[in-house]
Amino acid sequence: MKIGELKTDFGNIKDLQLSIGQAKEEKWEEPMGPTPFPSLTTLREWDKKLLERYKPFYMPFCDMCCLCTQGKCDLTGPKRGACGISMPAQQSRTVLITVCIGAATHIGHARELVTSISEKFGKDHPLDVGGHNVEVEAPLIRLVCGIKPETIGDLDEVLDYLENQLTQLLAVTHTGQEGSSVDFESKVFHAGMIDQVAMEVADIAQISAFGFPKAEEETPLIELGMGAVDTSKPVILVVGHNVPPAVNIVDYLQKTKLTEEVELTGICCTSLDISRYTPKAKIIGPISWQLRYVRSGVPDVIVVDEQCVRADLLIEAQRIHAPLIATNQKNCLGLEDRTNDRPDDIVADMVSEKVPGVLILDTNQVGEVATKTAIQVAPKRKKMGFFPKKEELKEIARKCNQCKECRRSCPNDAAIPEAMKAAGKGNFALLEEMYDECVGCARCEQACPQKIPIHSMILGAAQEKVKEEKYKIRAGRGAIQDIEIRQVGGPIVLGEIPGVVAFVGCPNFPKGGKEVAEMVIEFAKRRYIVCTSGCAAIAAGMYKNDEGKTAYELFPGSFEAGGVVNVGSCVSNAHIAGAAVKIASIFARRNLRGNYEEIADYVYNRVGAVGVAWGAMTQKAAAIASGFWRLGIPVVVGPHGTKYRRMLLGRRDKEELWYTYDARTGDKVYTSPAPEHLFVAAETKEEAMVMIAKLCMRPNDTSKGRAIKLTNYVDLHKRNFGSIPDDVHLYVRTMADVPITMKDEIVKMLNEKQWKERTIPDPTLLPRMIRKAKVKV
Amino acid sequence: MANNEAWMTAEVGGPKRASLITKPEVAEAMIRRARRPILVIGHLAAEIEMEDKKLIDYVIDLATNTGIPVVATAHTGNAFLGRRFTPASIMSAVDIGNRLADPTWKGIDGNGPYDLAMFAGLPYSLAWTLLSGLKNFAPHLKTMTLDNVYHPNANWSFPNISIKDWIINLQAIIRDLGE
């Protein structure tokens, strides 16, 4: 409201401007908790409690700081930089920068989605992620912001908050700001928390607007793999994370009745999300499949949006004469902006290869341009083969001079020189084997002084495997239903369901994606609740058992013991954290509203959940992990995860770290070191499985629950390490905790360790949660 | 490649870089000088073939000859037990790294902190980051790798050497320390 000039009895008013952001009737009766819209330091004391137990073990990936012109500074050991910063602070500062990048990406993504959905559907468009099955529609927003969003427009206030916090967090990393590693780490947790909220905003917005599955247990099975593509049709490839351009392609195909004539294929999270929009879309693979799919020559046109898109994709697209359409301001690839041109003109220029690609920033145009281009380009391209044929492989391999530069550049130290030597003699078995474990980075090719197309040779050797790559993955379901939470909340909190294990994140796997699938199947068979998301969800589907079935065909998609629940893309990770939070809310009836510390304390002590990012690679993966940490949920990463520069490790040998309050009495009592770590890298799949089982233990487990969890931990330890774990006595609180089937060997160990029985507390780290202060007599 | 280049090309070290073990006597002297040495052995020890043996067999010979305790990381414990050798402890690589960085840690046997940690058989990049943590935060500890690739973040490392040269070096160390 603006008033230019107003004369009244009490005076004259000039240039008055009033603006009211939002005036809504308050319908939510839940009382406001202590920390709505927390600032950088609001939850600092909670963070410090966690960081006291899980002290960072820094492993500098670089000994220098080169962020200002006084540098480079050598920070090795006790040295400080020109600004006075120490090595621990510099490492945690770098972690914060990393997590801020990840959070910015999700916040930016969420803002774009909400803006475009608001324009298309209106700000009053209702949020609906599961109808009456999901009354707690946005657990993380409720928890962090203290508001209950009902419409797309309500998400603006949340995004304003997130953008504000992100700006403040990034400012923290400037020279001469924070100097304490502990405070940097607290801010890492804060960045992780806002990242989780951003993911929730993005996913509930797109579920509500695009009609994605709404918490359905049995979503459609989607075709997965390069072998699933009908190459006789024109093929469109979508890559990235931001689904509206792909949605427009589907809409255009439907409108023009071309759905059956054109193959829509995808890589990474856009493929996961577009398969939530239409089950006809095909998922090719995780981001590590980008190069191999493009080099297969199968896609006729490539549409990229944002995040995790290879920076050289335009060059690769040109090699196979496939036009590329960039659709996002964050990823323009140097292409000419043709947003305001006529679609047919753009198509003509790409089909004639006058331009290698275009930038189209109006999502509504993408479908028409991509489809017409694919249809016109396809007949010209079908004759082109791009993998070296087997008869060519031998000749190319003979150029190798065994300098080993390829192996020295391979993230997994793959024995490429040995494979080349064999290939030069006509034996391609080693090259073919590499297909399964290659992460698709092609650094080997960059390193080769002979310019041998090593990555393409691996693909050429594995052509038969490529053709057989046909799998099924369950479409991402989104949220977990309230009724599911009611049913499993008790068994989880009591420990009778041994844990919730979430396989998330990128495909920088040490030995291929098969390991993820194997872990998923192992824990589902053991009656854990297994969740998947993002590239890990795709990898989990790219392995068949002896019966030819994938994990998604073997196990139900419901959030129950033995379920394998694909929640969806990266932003759907919010539903996994949300499920943990909803257990506190729906099962335990704790207030969520602006009540972060209490809920995190509940989750930490009671909900045996573990995140596994076996191939964690990106800054987003770091942000996702950080969000779990603040909620007290441990995260296991693969061996490459140490490159995030630090672990958060507990010390089971330090008894003093594992005392907690018994909320019933106020006594401080020793609990088990459970969970032992908050962020830990495992060296191998075998170690990861043992660690996951162990990290699912929580102080609140009942004896029955602890016995079930110990059964899994001891069994996996014996199977993979060949012995009974030497710390079992720390996890046995009463004799009732001992699994009956393992009683003899565990009791023997208890006697050797001079074990004594102890009480099972009602655990909390928060003094204010003590119900009855101990009265001194 | 120069013999003191990091095995993985891009993993260039910082200003402080490992000294080279140019002959077995260098490693032997370090081990003899140590009052509380320890071996940390990763899963690749059971996979790396060294002519008719595997790396783990050399580790067992070294540990048996010297009495140096072995921490088996990941699932390496299984391979040790399969060879009737019981490691002193089974622990994840980052867990043992974290404890070695703590000057107050009493050690696996409770007899005090270690002064020399020797590593072998860990994936290169995991060993690289682990050794970086110890280089920066464990001034009380010397580190040495027994792998055949150069690790800039250790105090002492072999250069990048062939399997044949590696075998000769390890055999000499095992023999000399057993005398």
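Residues numbered from 1 in each chain as written. Chains lettered and ligands numbered in written order. Predicted model: local features only at pLDDT ≥ 70, side-chain atom pairs only at ≥ 80, totals over all residues.

### Here's the deal with the overall build of chain B
Phase 1 of the analysis: Check the secondary structure of chain B and you find six helices and nine strands.
Phase 2 of the analysis: On C-alpha atoms alone, chain B measures out to a radius of gyration of 15 Å, which is about the 16 Å that the 2.2 N^0.38 rule sets for 179 residues.
Phase 3 of the analysis: Its C-alpha atoms put chain B at 40 × 40 × 30 Å along the principal axes.
Phase 4 of the analysis: Residues counted as buried form 53% of the 179 residues belonging to chain B.
Phase 5 of the analysis: A fraction of 67% describes how many contacts in chain B between residues 6 or more apart in sequence connect residues 24 or more apart. (Helix = DSSP H or I, 4+ residues; strand = E, 2+ residues; numbered from the N terminus. Rg over C-alpha atoms; globule rule 2.2 N^0.38 Å. Buried ≥ 20, exposed ≤ 12 C-beta atoms within 10 Å, placed from the backbone. Contact = placed C-beta atoms within 7 Å.)

### Things to note about the overall build of chain A
Phase 1 of the analysis: In terms of regular secondary structure, chain A is built from 29 helices and 23 strands.
Phase 2 of the analysis: The C-alpha atoms of chain A give a radius of gyration of 27 Å, which matches the 28 Å a tight globule of 777 residues would have.
Phase 3 of the analysis: Its C-alpha atoms give chain A principal-axis dimensions of about 90 × 90 × 60 Å.
Phase 4 of the analysis: Taking the contacts inside chain A whose residues are at least 6 apart along the sequence as the reference set, 76% of them involve residues at least 24 apart.

### Overview of the sheet that holds strand 9 (residues 156–157) of chain B
All names here are of chain B.
Phase 1 of the analysis: Reading across the sheet, the seven strands line up as 1-9-8-7-2-5-6 and stay open at both edges, with parallel pairing between neighbours. The strands lining the two open edges of the sheet, one partner per strand, are strand 1 (19–20) and strand 6 (89–90).
Phase 2 of the analysis: Where strand 5 (residues 70–72) and strand 6 come together, two bridges link them in parallel fashion. In the sheet register, Val71 faces strand 6, and the bridge partner there is Ser89.
Phase 3 of the analysis: Packing of helix 2 (residues 55–66) onto the sheet brings it into contact with strand 2 (37–41), strand 5 and strand 7 (116–120), and relative to strand 2 it is tilted by some 165 degrees. (Pairing = 2+ DSSP bridges. Axes fitted to C-alpha atoms, helices over the stretch in contact; angles between N-to-C directions.)

### With respect to the domain arrangement of chain A
All names here are of chain A.
Phase 1 of the analysis: Taken domain by domain, chain A comprises domain 1 (44–210), domain 2 (226–381), domain 3 (390–452) and domain 4 (471–767).
Phase 2 of the analysis: A C-alpha centroid distance of 38 Å is found between domain 2 and domain 4.
Phase 3 of the analysis: Facing 14 residues of domain 2, the contacting portion of domain 4 comprises 16 residues.
Phase 4 of the analysis: Listing elements by their share of the side of domain 2 that touches domain 4, those giving two or more residues are helix 7 (268–277) and strand 9 (282–285).
Phase 5 of the analysis: Of the residues forming the side of domain 2 that touches domain 4, the biggest block, six residues, is contributed by helix 7. (Domains from an automatic or database assignment.)

### Describing the interface of chain A and chain B
Phase 1 of the analysis: Counting residues at the interface gives 36 residues for chain A and 34 residues for chain B.
Phase 2 of the analysis: The residue inventory of the side of chain A that touches chain B, partitioned by class, reads 18 nonpolar, nine polar and nine charged. (Nonpolar A, V, L, I, M, F, W, Y, C, P; charged D, E, K, R; others polar.)

### Details of the sheet that holds strand 18 (residues 635–637) of chain A
Phase 1 of the analysis: Read across the open sheet, the eight strands follow the order 3-19-22-18-17-14-15-16 (chain A); overall the sheet is mixed. Because the sheet does not close on itself, it has two edges, and the strands there are strand 3 (55–58) and strand 16 (564–568) of chain A. In this sheet, adjacent strand axes meet at a mean angle of 25 degrees when their direction is disregarded.
Phase 2 of the analysis: Bridge analysis of strand 18 of chain A against strand 22 (residues 677–681) of chain A gives three bridges, and the strand direction is parallel. Bridge assignment links A:Val635 to a residue of strand 22 of chain A, and that residue is A:Phe679.
Phase 3 of the analysis: Set on the sheet, helix 4 (residues 93–100) of chain B makes contact with strand 3, strand 19 (646–649) and strand 22 of chain A; between it and strand 19 of chain A the angle comes to about 85 degrees.

### Here's the deal with the packing of helix 5 (residues 181–210) of chain A against helix 23 (residues 573–587) of chain A
All names here are of chain A.
Phase 1 of the analysis: Between helix 5 and helix 23, the shortest axis-to-axis distance is 8 Å and the interhelical angle comes to 115 degrees. Relative to helix 23, the element helix 5 lies roughly perpendicular. For helix 5 against helix 23, the interelement crossing comes out left-handed. Residue-level inspection shows Gln196, Met199, Glu200 and Asp203 of helix 5 in contact with helix 23, the latter providing Asn573, Ala574, His575, Ala577 and Gly578. (Parallel < 35°, antiparallel > 145°, perpendicular 65-115°, else oblique. Left-handed = near helix turned anticlockwise from the far one by under 90°.)

### Some words on the environment of A:Val304
Residues and elements named next belong to chain A.
Phase 1 of the analysis: Counting through the fold element by element, Val304 comes out in strand 10 (residues 301–304).
Phase 2 of the analysis: The exposure class assigned to Val304 is buried, which follows from the 28 C-beta atoms found within 10 Å.
Phase 3 of the analysis: When the C-alpha atoms of Val304 and Leu314 are compared, they prove to be 9.8 Å apart, with 10 residues separating the residues in sequence.
Phase 4 of the analysis: In contact with Val304, not counting residues within four places along its chain, are Val239, Gly240, Val309, Leu313, Leu324, Ala326, Thr327 and Asn331.

### Describing helix 21 (residues 534–541) of chain A
Phase 1 of the analysis: Most of helix 21 of chain A sits inside the fold, with eight of its eight residues counted as buried.
Phase 2 of the analysis: Of all the residues in helix 21 of chain A, the buried ones are A:Gly534, A:Cys535, A:Ala536, A:Ala537, A:Ile538, A:Ala539, A:Ala540 and A:Gly541.

### Regarding unusual backbone geometry
All names here are of chain A.
Phase 1 of the analysis: Cis geometry is adopted by the peptide bond preceding Lys72, which originates at Gly71 and carries an omega value of 5 degrees.
Phase 2 of the analysis: Along the chain, Lys72 falls in the loop between strand 4 (64–65) and strand 5 (73–74).
Phase 3 of the analysis: Ala674 connects to Pro675 through a cis peptide bond whose omega is -10 degrees.
Phase 4 of the analysis: By the element assignment, Pro675 lies in the loop between strand 21 (668–670) and strand 22.

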